[in-house]
Amino acid sequence: MKNKIITIDGPSGTGKSTVAKEVAKKLGFCYLDTGALYRGAALAIDLKGSNIDDDSRCREILSSTTIKLIKDKIFVNGKDVSSEIRSPRISNLASRIAVHSSVREYLVEIQRSSSLSCSVVAEGRDTGSVVFPNADVKIYLDASLNERARRRHKELISKGINIGFDQVLEEIQERDHRDKTRGVAPLVVSENAIVVNTTQMSIKEVISRVLKIIKDNLAFASWDDGILE
Ligand code: DC
């Protein structure tokens, strides 16, 4: 049977990661966090002290860097950097290297190859529009800017990162703008994507809604209704 591909795109703070991880677990699919690859690449480039806005220099550094996603952990040159990549600094740098077409081409290859060995729930900005245009089910999660900033602020504080709400809101706004207006693979609602606005929803409700969408749209021979509970 052909591997299935489900894509979940949207801006930050919509619950993509938590939802994609849980949905993958329930379906027994692999989980592909494409943002973690951009973050890992940004960290590698930052550690070299290089100019993050120089496309060819970024690509050159990546040629001598190994970036691996193993389940929900990311390794850069063999080191587990899963926590390190979640800082506000790396969020900003990841969005900046994501405008470079050569960086995107390199990371898209890694993303596509991960779908060869298993069915996948992929999440990011362009997984439905560019990485997997023929995905079986495409979902786009959205939420108001204020609510997304509230969620992200809470998450950062719980990780011991001392940052004000206004700063988080400003950074998200800046990142949204860059991710939506860049020349290559901008964040868009891709064709055939089903949009879910999560502003007023709990994470549990979003997971149920997404599973229901998958059930209704995926020819999945071994669907077990227990998955929806
Ligand atoms: O999903 P995230 O917050 O971990 O992503 C970090 C940045 O990486 C995001 O601001 C833009 C970039 N990104 C991208 O351009 N394309 C993707 N598919 C995933 C992330």
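Quick caveat: nothing in here was measured; it's all calculated off a predicted structure.

A. Representation of the site of the ligand in the model. Close contacts around the ligand come from 15 residues, with Arg-39, Arg-104, Arg-125, Asp-126 and Asp-179 the closest. For the ligand, an oxygen atom lies 2.6 Å from a polar atom in the side chain of Arg-39. Contact distances for the ligand include 2.8 Å between a nitrogen atom and a side-chain N or O atom of Asp-126. Isolated, the ligand exposes 450 Å² of accessible area, and the fraction of that covered by the protein chains is 98%. Top element by residues in the shell around the ligand is helix H2 (residues 34-47). It accounts for 4 residues. Residues belonging to the shell around the ligand are distributed by class as follows: 3 nonpolar, 4 polar and 8 charged.

B. Here's a closer look at helix H1 (residues 16-27). Helix length check: H1 (12 residues) gives 16 Å between terminal C-alpha atoms against 16 Å at 1.5 Å per residue, within 8%. Looking only at H1, the buried set comprises Lys-16, Val-19, Ala-20, Val-23, Ala-24 and Leu-27. When H1 is viewed along its axis, its buried side chains cluster within an angular range of 125° and face the same direction. Looking at the packing, one finds that the buried side of H1 touches strand S1 (5-9), strand S2 (30-33), strand S6 (120-124), strand S7 (137-142) and helix H9 (203-217). In the segment just after H1, Gly-28 is the residue with positive phi, at about 75°.

Analysis parameters
Residues numbered from 1 in each chain as written. Predicted model: local features only at pLDDT ≥ 70, side-chain atom pairs only at ≥ 80, totals over all residues. Heavy atoms only, no water. Near = heavy atom within 4 Å. Polar contact = N/O pair within 3.5 Å; in protein donor to acceptor, adjacent residues only side chain to side chain. Areas by Shrake-Rupley, 256 points an atom, 1.4 Å probe, with all protein chains shown as cover. Helix = DSSP H or I, 4+ residues; strand = E, 2+ residues; numbered from the N terminus. Nonpolar A, V, L, I, M, F, W, Y, C, P; charged D, E, K, R; others polar. Expected span 1.5 Å × (residues − 1). Buried < 20%, exposed > 50% of the residue type's maximum accessible area, 1.4 Å probe, protein only. Arc of directions from axis to C-beta. Contact = heavy atoms within 4.5 Å.

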